[in-house]
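# Structure at a glance
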Amino acid sequence: MESTKSTPALSQDGFWSRLRSGFSRVPVIGWLAGGLCAVMVEYFLGDALSYYLGLPKIPVLFGFVTMLKKPLLIPSSAAYVILVYIVPLAAVGLLSAGPANRLAAFLHRRALWLSAIIHLVLLYIIIHVWSDISDYRLLLLKLTMIAIMLTLSINVINGYMGEFSCSHPGFMALGAYSASALTLILFTNDKLFGPALLPPALGPYFFPLALIFGGLVAALGALVVAIPSFRTRGDYLAIISLAFMFIVKSVIENLEFVGGPRGMSSQPNWSDLPTVFAWTVMCIWVINNFVRSTMGKALNAVRDNEMAADAMTVDTRKTKIVTFMFGAFWAGVAGGLFAHVLRYVNPGTFGIQKLAEILAMVYFGGLNSVVGSVVGAVSINLLSEMLRPLELFKWIVIPLLLILVMIYRPTGLIAFREFDVRKILRPKQ
Amino acid sequence: MPLLQVRNMTHYFGGLRAVHNFNLVIEPGEIKGLIGPNGAGKTTIFNLITGIHTPTEGQIELEGRSLIGLRPHEVASRGLGRTFQNMLLWRHMNVLDHVKMAQYSRLGYGLLDAFFGTPRLQREEQRVTDEAMRLLELFDVAKYAGQLVGNLPYGAQRRVEMARAMATKPKILFLDEPTAGMTPEELVQMIGIIRQVHRDFGVAIFLIEHRLKFVMELCQSIQTLVFGEVIAEGPPEEIQNNPKVVEAYLGKEDIT
């Protein structure tokens, strides 16, 4: 940022450098205000604008899909994106920088939780309004947030503790099936488990417990990988964890009472946007708390040198068990949410394809970093949706991108960085 | 009662006898040395006492309590700190976190506190940080607190490792070749640091060393290990002139 300081001598690029230094002064809350304006503009004017621009309907994903499908509409899609997103975001961000900074400074002096909640509420309103435009956006948002939870939880094992674990789809399956079984048995009349045992009206209140139950079952399953990890590391443990994933998949396939290969369906529709959002925030918060504490940094000690960790009084076995169970717990919760978003699960979902997705997200985003996981999950998810019209070529573009990241940033985009909420929300002036 | 007592410790790796009938008594505040040529089993003895391997036979007692069967972190929490021949610092962790980490067994909070960032966690983290900073200042590496260990000069890394070992609050400190790879200048500094640790913390020290000069300078008593067996034991002057020791290091005098 220092390099862009404008001086009178450089007046011809003064506009751009002033713009850039202006942007660097916008605090997070200013960007959120801008984002709110952008989605409001789209909410109220989106239909009219897309009509005048000759677009068939509001472009669902920043115009990418429209652009790739119908190249002739590139100019109007670009115009739409600029008018609806970029202009309001930049204008409100820049113009409100002053008051936003004063507000940020005010919040900075208050308790962190208050400031965090205000930011989160703003963020939630933004995504809520944005997703109100189409069901497709809503589904994509939910799946993206679930992907964030999965990526973050595998980062605890693969990044923070440095064990290459491949069992995440297995943990996810355990969570998805246990949570679904619970909600189906207790609150739903369905063909697998028969009539509901409890009044369905109670269900939504009970849903968090079902998710936690799913998480706990996944955590128990994680013991199968955690216990061998006392004696083996690296490649061998990776194979064990891979085996675990396949075991879970084939066990479910062969259990008739959970539907076998046909899967389980008609889960109640309780994974709505606020629920998924709240769980994702919770997941990020808890995992970030843990990895920043000295107890959580024991994971790094075990990764960087286990013998030294032991000699420095770190209980390495406890650390490994906790890490695997903790990571699996969140994968299980994510699985439970996933099952209730799609309202259908089958064992085929939790195979090698899912594993590849999760691994791509975590290694793309960056190991040992909460922000990295969020960035990785969001970008890979959005990218794979945006590039959908490319069909087959999508699976050439995304892997190529991964290769490029691995060449230029071998540990991922944003690796080994601490996520300090207070620092991020602070005023920029 | 001696601080550490090892009696008739023998260890086999498969059929190979690595250590034979090893005895050791360390009194509080004593500095003892263990010398011997390469492959004599010095590091194995360290690993046996610190719980990395369990000896095939023999007893190890710290303050009268047996250490046999305890896991390394339990041995360390009982008050047996150590450093390593090649330091084994944590590559991706900063200096401050190294010294905080070594206080793991004394963290006064549980997993749930760590998950939810309770006030108790914050209080404890503050305490641990203060303690760590105090140690870093004592070892003159406080200015590196926020840096990754890999960016530090070699001598400073050694001091960080010493600070880390002292953060476990040891009653007895095991030093595995503390001067490995050091220049003569750094060696003099190291002698200073070890004397400082001995004086300020009042710990007993047991060290393995290659450089005889260094051991002679520091230790009150020295054991010489050859092929897993102690061939000589006594004060430095005696060891220096012991024909068996000279033979082990330089070979036999009468070459035919």
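Residues numbered from 1 in each chain as written. Chains lettered and ligands numbered in written order. Predicted model: local features only at pLDDT ≥ 70, side-chain atom pairs only at ≥ 80, totals over all residues.

In this section: the overall build of chain B. Across its full length, chain B carries 10 helices and 10 strands. Rg of the C-alpha trace for chain B: 19 Å, near the compact-globule value of 18 Å for 256 residues, within the 12% margin. Looking at chain B as a whole, 44% of its 256 residues are labelled buried. Here the contacts in chain B between residues at least 6 apart in sequence split such that 66% fall between residues at least 24 apart. (Helix = DSSP H or I, 4+ residues; strand = E, 2+ residues; numbered from the N terminus. Rg over C-alpha atoms; globule rule 2.2 N^0.38 Å. Buried ≥ 20, exposed ≤ 12 C-beta atoms within 10 Å, placed from the backbone. Contact = placed C-beta atoms within 7 Å.)

Contacts between the two partners involve 25 residues from chain A, matched on the other side by 29 residues from chain B. Ranked by residues supplied to the side of chain A that touches chain B, first place goes to helix α12 (residues 294-304) of chain A with eight residues. Partitioning the side of chain A that touches chain B into residue classes produces 12 nonpolar, nine polar and four charged. (Nonpolar A, V, L, I, M, F, W, Y, C, P; charged D, E, K, R; others polar.)

A word on the nonpolar core. Counting 159 residues, the largest nonpolar core has I146, M149 and A334 of chain A together with A163 of chain B as its most contacted members. If one sorts the elements of this core by residue count, helix α14 (residues 316-342) of chain A sits on top with 14 residues. What M149 of chain A contacts, discounting residues up to four positions off in sequence, is T280, C283, W330, V333 and A334 of chain A. In this structure, I29, L32, L55 and A100 of chain A belong to the second largest nonpolar core, which totals 18 residues. (Core = buried A, V, L, I, M, F, W, Y, C linked by C-beta atoms within 7 Å.)

What follows deals with unusual backbone geometry. Backbone geometry at T313 of chain A places phi at a positive 70°, although glycine is not the residue there. Along the polypeptide, T313 of chain A turns up in the loop between α13 (306-311) and α14.

Moving on, we come to the sheet that holds strand β5 (residues 65-66) of chain B. Residues and elements named next belong to chain B. In spatial order, the strands read β2-β1-β4-β5; together these four strands make up an open sheet with antiparallel pairing. Edge positions in the sheet fall to β2 (16-26) and β5, since each of these pairs with one other strand and no more. As paired elements, strand β1 (residues 4-13) and strand β4 (residues 57-62) share five bridges and run antiparallel to each other. The residue bridging V6 from the neighbouring strand is I60, located in β4. Of the strands in this sheet, β1, β2 and β4 are in contact with helix α1 (residues 42-49), which crosses β2 at around 65°. (Pairing = 2+ DSSP bridges. Axes fitted to C-alpha atoms, helices over the stretch in contact; angles between N-to-C directions.)

On to the domain arrangement of chain B. Under the domain assignment, chain B is made up of domain 1 (1-79 + 170-256) and domain 2 (90-158). A C-alpha centroid distance of 29 Å is found between domain 1 of chain B and domain 2 of chain B. (Domains from an automatic or database assignment.)

All names here are of chain B. The strand order across the open sheet built from six strands is β6-β7-β8-β3-β9-β10, with neighbouring strands paired in mixed fashion. On the outer flanks of this sheet lie β6 (80-82) and β10 (229-234), each paired with one strand and no other. Averaged over all neighbouring strand pairs, the angle between strand axes comes to 20°, with direction disregarded. By the bridge criterion, five bridges tie strand β7 (residues 172-176) to strand β8 (residues 204-208) in an arrangement that is parallel. Pairing of I172 across the sheet is with A204, part of β8. Across the sheet, helix α10 (residues 243-250) lies against β9 (221-226) and β10, angled at about 130° from β10, the strand it touches most.

Bridge count between β9 of chain B and β10 of chain B: five bridges; the pairing is antiparallel. Looking at β10 of chain B, one finds that T224 of chain B is bridged to A232 of chain B.

On to the domain arrangement of chain A. Residues and elements named next belong to chain A. What the domain assignment reports for chain A is domain 1 (2-114) and domain 2 (134-425). Its C-alpha centre places domain 1 at a distance of 32 Å from the equivalent point of domain 2. Residue-level contacts link nine residues of domain 1 with 12 residues of domain 2. The element contributing the most residues to the side of domain 1 that touches domain 2 is helix α3 (residues 64-69), with four residues. When the residues that make up the side of domain 1 that touches domain 2 are grouped by side-chain class, the tally is eight nonpolar, no polar and one charged.

Take the environment of I127 of chain A next. Residue and element names in this part refer to chain A. By secondary structure assignment, the location of I127 is in helix α6 (residues 112-132). Exposure remark for I127: the 18 C-beta atoms within 10 Å place this residue in the partly exposed category. Counting along the chain gives 242 residues from I127 to S369, while the straight-line C-alpha distance between them is 24 Å.

This part is about helix α2 (residues 28-52) of chain A. Residue and element names in this part refer to chain A. The largest bend in α2 amounts to roughly 70° and is located at L45. Along α2, the residues that are buried comprise I29, G30, L32, A33, G34, G35, A38, V39, E42, G46 and S50. Just downstream of α2 lies G54, where phi reads positive at about 80°. (Bend = angle between axes of the 7 residues up to and from the residue.)

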